[in-house]
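Close look at the chain arrangement
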Amino acid sequence: SKIIGKVITTISSKKYDDLSLPIEYTPLYLANKNSPEYKNAMHYLLGRGLSGTDVLRYGIGYCEGGRYSGMIVIPSYDDEGNLNFFTGRSYYKDATYRHNNPRVSKDIIGFDLYINWDEPITIVEGAFDAIAIKRNAIPLFGKSIQSELEKKIIGNSVKKLYIVLDSDAIKNALRLTKKFMSYGIETHLVDLGDQDPSDMGYENVNELIYNTQPMDLRKLVEYELYRV
């Protein structure tokens, strides 16, 4: 792997043998700025509130052909800079498939390269959610936690955790909250209502996160009675 600051230039991984970025993947910061596909991809990202700094930091790219044609590609790297996952998201509203992920295990730690385990951790569903929050946010690339992430949270003695899942995943969020409370971790279950972090934007979602009080047994019971 080659790391320039926080910009990763790796397109294949020795540690994760079955995984590599699509052959057609082009980092947006290296793309032909006159390409219509480049312009459509950037228009989509800017519309979702991403900045040029976000594009550069996360090595966000796109594909003009292949299985991920017409899609934004967001890589994830482990703490050694190895590619451990990536996700594809169409930048066209009328696309047949809006999401496309590689057929590999999700038992990884999303965006591990950017995580400071000595600080509060925020768990979210997708890559765009993590990028919107910006600080110490880990995407699950789904709604359920995998064993590697759970082990790393416990192994690093994380003291404060924020669970920020969409409203349709309230059962999963409660399950995670109970699990980490049982380890003695101060756990905050953040109620997004009908929104998601990437729609709310950086300032609004972070204000909501850091104003959310720690979960306790009484609140857990209320959630299970009135929200599930």
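Another aspect to go through is the packing of aromatic side chains. Taken as a whole and assessed by the stated rule, the structure comprises nine aromatic pairs. Ring centres of Tyr 162 and Tyr 210 lie 5.3 Å apart, and the angle between their planes is 75°; this geometry places the pair in the edge-to-face category. Separated by 48 residues along the polypeptide, Tyr 162 in strand β10 (residues 160-164) and Tyr 210 in helix α7 (residues 202-210) bring together distant segments of the chain. Judged by relative accessible area, Tyr 162 falls into the buried class, the value being 3%. For Tyr 210, a relative accessible area of 37% puts it in the partly exposed group. Its guanidinium or amino end placed over the ring of Phe 128, Arg 48 lies 4.2 Å from that ring's centre, counting from NZ or CZ.

Below, the discussion takes up the sheet that holds strand β11 (residues 186-189). Spatial ordering of the open sheet is given by β9-β8-β10-β11, a layout of four strands whose pairing is parallel. The open sheet is flanked by β9 (137-139) and β11, the only strands paired with a single partner. Sheet twist, expressed as the mean angle between neighbouring strand axes with direction ignored, is 20°. Each of β8 (121-124), β10 and β11 touches helix α5 (residues 170-182); the most contacted strand, β11, lies at about 170° to it.

Rules behind the numbers
Residues numbered from 1 in each chain as written. Predicted model: local features only at pLDDT ≥ 70, side-chain atom pairs only at ≥ 80, totals over all residues. Heavy atoms only, no water. Phe/Tyr/Trp six-rings, centres within 6.5 Å; stacked < 30°, edge-to-face > 60°. Helix = DSSP H or I, 4+ residues; strand = E, 2+ residues; numbered from the N terminus. Buried < 20%, exposed > 50% of the residue type's maximum accessible area, 1.4 Å probe, protein only. Lys NZ or Arg CZ within 6 Å of the ring centre and 35° of its normal. Pairing = 2+ DSSP bridges. Axes fitted to C-alpha atoms, helices over the stretch in contact; angles between N-to-C directions. Contact = heavy atoms within 4.5 Å.

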